Structure formats: structure tokens, C-alpha cells
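Structural features, examined
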Amino acid sequence: MGKIDILKIAKIAQEKKKTDPSIIDATIGMFYNDEQRLVIPAVAKAFYKLDLFETFKYGATDGGVVFENNVIDWVLDTKKDVLKSKFKFAGISTPGGSGALSLVFNSYGSVGEKVLVSDLRWRYEYFVSAAKMGVLEHRLFDQDGFNLKDFEKQLTYLASIQKRVIVVINDPCHNPTGYQLSGDEWISIIKILNKFDQNEIILTYDLAYFDYDPRGFNEARTTFDYFMDLKDHVQVLVCFSASKSFAMYGVRLGGLILLGHNEQHYKFFKKHVLDDALGKWSTAPSVGVGIFNQLSSQKDLYIEELNKLTSTLKNRGDIFIKEAANAKLETYPYRGGFFVLVKSEDPESDFEKLVSEGIYLIPMEKGLRIAICGITTKEVIGLAGKIKKIIQP
Ligand SMILES: Cc1ncc(COP(=O)(O)O)c(C=O)c1O
């Protein structure tokens, strides 16, 4: 299957739904509440309170020192103090989590080299190929969960032909499966990364959906505890998406945060990552930076609002997974987040069959992705059974 254009399929579904409300549009990764509203009231309020002068003038390339501190505080939260004893931090504002990912591949990658990604994944290849690099896949799952064996095998191969290896891990609420690595799996991954001390490893930690982790805001950040065991040859680049955490997808804000081990790592980031941003977009849009900085000063209140979204999403996920099990519709392991991935032998033909019944999902290499974030709880009820009947009558 070639590259899929999710935005294009989503546009078609949106158009169809305008004239036929019975259409199920589970295509795109945007959270709508059960009243089909996308915008979070606190975010709208912060938007209307923006200072026009501050917003319309050029911002700083890195988003400014206030943003840098705020984004580090938001992402690391209570883990910041302990991490500070080991790592040097740096941060930069980006146009979405996409911008953060793009900076990693262009700043840390080399033309012609490969990036290690899982076989089931979001569309990283767009950013990777824009950096004139390629991808090497490891299998995400074995029968028990994360496939540590294949991860190590593929990393061993890449480390034998490249000095620097960029590894992408998307967790928790993995896109497209909703998988969540266990603590033990993270510990094992870190042990594997630590073995490659003749290489430079860039662990690209894409936590785009972590603020929707059903375990909660604090638990979503426990992974940072495991990073305390990382050896000096493994730097972490955290890709944050304000699109998801603040439901402001079109505003285009995200952040890239370095957890580096020494002055050299810090200087590299401050020079090359900023240069790359200057060569791409100069500064991330100030609208998002302004909203984010305001909400950072009332974090606790905002987290309360976010918890409501997470709990709605958890309920939708629970319903879908329970009904899928009853209907014998096979899914990949889901623990939380925006998407569930249904197994399919022939995703493209199943996609067509579902479209003809008014159900829009995203066909992927090994399954059909259902964006339970974008449909109401009412629409989720009965959906698994309907899909089963259409694709496996
Ligand atoms: C896994 C993953 N990472 C990063 C992003 C980046 O999102 P954005 O650029 O909209 O912040 C997305 C968006 O769908 C995603 O699914």
C-alpha cells in the first residue's frame, strides 16, 4: 500500500456527513466531545484574551524563554526535578508535533541514512523522506506485546551500518493502535538502547497523545523515571503536540525538548535545531505560543477540563473493545487514546465496503484505523458489530 493521505479521506467524509448525518466519520485524529464540539472552552477563552500586538509581531525562533520554560514544565511536570539532576534541558516551539519531528530528522539525521520505526505507525515517512532519509521497520508486536526481540535485531543491524541511529517511539496512546508500553517493556527498551555504546542513539519520544492517557496526567509521565537509567550515548528528544493537548489542531503549536547529557548535546541543539527552524518556518505561530503560555499559568484548572475529555474517550474505548470482543472483531491491543486498529487481511477492499455503508475509517497496511476520538459515544455503540458484519459477513 502506498502513502495514505488521511487528510484527504477525512475531507471526503466531512463533506458526506454535511448532507447525511448518519455517516460515521472516524477518520481523523481530532477529539470531539459528545456534543460534537472540538474547542475546549478554556482554550477559546485564552484565545480571545490574546494581546494582539504580542501576537501579530514576530516571535522568537525558539518561542521565547517563557515558552521554553512552560513547555518543559508542562511535559515533564513533577518529573522535572529528578531529571534535572541528570539531564540538560532545551526546548523550542514548533508548528505542531509535526514540526518537532521534522526538526529531529533534519538536524540529527544524515542524508541516505535510516530511521528506526515500528511497522504499525503514524506517517513518519513524510518527515523522514523530507530529510532525504529512509525508514527501517521493526515489528511492533509479538504475541505477548511489544516485540523486544525484533526491536533489538533491527537496531543491531542499523547500528552496524550507521554511527548515529534515530529511533522513534510513540507512546502512550500509540497511533494507530492505542497500545501503551508497560513499565517492564520501557525498562527493557532502555536496556537495549544502553547496549549500543559505540553508537549515538537519538531516542525520539513522540508523546503526542500522552495527555489522554487513561491512567491520568501524572501516570502518563512515569516513563521519564525510566530515562534516569539511560547512558550518555542516548539523548532523548521529546516531541510534544499542543494540537492534541489543547485541541487546537489548526493553530499549529508543538514543542521539541532535549534531554541531553552534556554541554555538547545542549550546544548542538541550540545551534542546529534552531538553524533548521530558521530554514523552515522562522518562528512557530505566536497565536499558539500565547494561548499555551496563558494556560500554563492555570495548569491545574486546565487539567481538570482535560480529564473530562480523557474520561469520555476512555468510555468510548471501553465500549468499542468490549463490543469488538463480543462480535469477534479482532483488534490490536488497545489501552487508550484516539484510535483503535481493527485487523484486516485486505484493508483497501474493507475500506471500500465500509464506505459504501457510510462508515469512514482509515485503511492502513495491516488494518483499519478507527478514530474513536472523532465520533460520539452514541456512534461508538454498536459500531464494532456493524463493522464485523460488513467486512466479515
Ligand atoms: C503519533 C503522532 N505524532 C505526532 C502528531 C503531530 O500532530 P500535530 O503536528 O498536529 O501536532 C500526530 C498527529 O496526528 C500523531 O498522530
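As the structure is a prediction and not an experimental result, all values here were calculated from the model.

Counting its regular elements, the chain contains 17 helices and 12 strands. Its C-alpha atoms give the chain a radius of gyration of 21 Å, near enough to 21 Å, the size a compact globule of 393 residues would have. For the chain, the spread of C-alpha atoms along the principal axes amounts to about 60 × 50 × 35 Å. Taking the contacts inside the chain whose residues are at least 6 apart along the sequence as the reference set, 75% of them involve residues at least 24 apart.

With that out of the way, let us pick up the domain arrangement of the chain. Along its sequence, the chain is carved into domain 1 (6-30 + 301-391) and domain 2 (58-297). At eight residues, helix α14 (residues 299-327) tops the list of elements feeding residues into the side of domain 1 that touches domain 2. Considering only residue class, the side of domain 1 that touches domain 2 consists of 14 nonpolar, five polar and four charged.

A few words on the site of the ligand. The local shell around the ligand holds 13 residues, among which Gly96, Gly97, Ser98, Ser241 and Ser243 are the closest. Of the residues belonging to the shell around the ligand, the class tally is three nonpolar, nine polar and one charged.

Strand order in the open sheet formed by seven strands is β2-β8-β7-β6-β5-β3-β4, and the pairing between neighbours is mixed. A single partner strand is all that each edge strand has here, and the edge strands are β2 (88-94) and β4 (134-138). Strand-to-strand, the axes of this sheet are offset by a mean angle of 20 degrees, without reference to chain direction. Sheet analysis places β2 next to strand β8 (residues 254-260), joined by seven bridges and oriented antiparallel. Bridge assignment links Ser93 to a residue of β8, and that residue is Gly255. Across the face of the sheet, helix α8 (residues 148-161) comes into contact with β3 (114-118), β4 and β5 (164-170) while running at roughly 145 degrees to β4.

This part takes up the packing of α8 against helix α9 (residues 183-195). Put simply, α8 and α9 touch, their axes get as near as 11 Å, and they point 20 degrees apart. Viewed along their axes, α8 and α9 adopt a mutual orientation that is roughly parallel. When the axes of α8 and α9 are compared, the crossing they make is right-handed. The segment α8 lies against α9, with Leu148, Phe151, Glu152 and Leu155 engaging Ser188, Ile189 and Ile192. Looking at the contact of α8 with α9 residue by residue, the class counts come to five nonpolar, one polar and one charged.

Let's shift gears to unusual backbone geometry. Cis peptide bonds are those with omega within 30 degrees of zero, and the linkage from Asp171 to Pro172 qualifies with -10 degrees. Relative to the elements of secondary structure, Pro172 occurs in the loop between β5 and α9. Each neighbour pair has its own omega, and for Asn175 with Pro176 the value is 15 degrees, a cis peptide bond. Along the polypeptide, Pro176 turns up in the loop between β5 and α9. Positive phi, normally seen in glycine, also occurs at Arg252, with a value near 65 degrees. Even without being glycine, Ser282 reaches a positive phi, approximately 65 degrees. Within the fold, Ser282 resides in the loop between α12 (263-280) and α13 (286-296). Taking the C-beta count within 10 Å as the criterion, Ser282 has 11 such neighbours and is therefore assigned exposed.

If you trace the three strands from one edge of the open sheet to the other, you get β9-β12-β11, paired in antiparallel fashion. Single-partner strands in this sheet number two, and they are β9 (339-343) and β11 (362-364). Each adjacent strand pair in this sheet contributes to an overall mean axis angle of 30 degrees, direction not counted. By the bridge criterion, three bridges tie β11 to strand β12 (residues 367-371) in an arrangement that is antiparallel. Note that in β12 the partner of Met364 across the bridge is Gly367.

One way to put it is that helix α15 (residues 347-356) packs onto helix α17 (residues 383-391) with a least axis distance of 9 Å and a crossing angle of 115 degrees. Pair α15 / α17 crosses with right-handed handedness. For the pair α15 and α17, the contacting residues are Asp350, Lys353 and Leu354 in the first and Ile387, Ile390 and Ile391 in the second. Looking at the contact of α15 with α17, its residues break down into four nonpolar, no polar and two charged.

Formed by 114 residues in total, the largest nonpolar core has its most connected members in Val104, Ile166, Val167, Val238, Ile257 and Ile372. A domain-level breakdown of this core finds at least three residues from each of domain 1 (6-30 + 301-391) and domain 2 (58-297). Residues contacting Val167, with those up to four places away along its chain left out, are Leu116, Leu155, Ile201, Ile202, Leu203 and Thr204.

Rules used in this analysis
- Residues numbered from 1 in each chain as written.
- Predicted model: local features only at pLDDT ≥ 70, side-chain atom pairs only at ≥ 80, totals over all residues.
- Helix = DSSP H or I, 4+ residues; strand = E, 2+ residues; numbered from the N terminus.
- Rg over C-alpha atoms; globule rule 2.2 N^0.38 Å.
- Contact = placed C-beta atoms within 7 Å.
- Domains from an automatic or database assignment.
- Nonpolar A, V, L, I, M, F, W, Y, C, P; charged D, E, K, R; others polar.
- Near = placed C-beta within 6 Å.
- Pairing = 2+ DSSP bridges.
- Axes fitted to C-alpha atoms, helices over the stretch in contact; angles between N-to-C directions.
- Parallel < 35°, antiparallel > 145°, perpendicular 65-115°, else oblique.
- Left-handed = near helix turned anticlockwise from the far one by under 90°.
- Buried ≥ 20, exposed ≤ 12 C-beta atoms within 10 Å, placed from the backbone.
- Core = buried A, V, L, I, M, F, W, Y, C linked by C-beta atoms within 7 Å.

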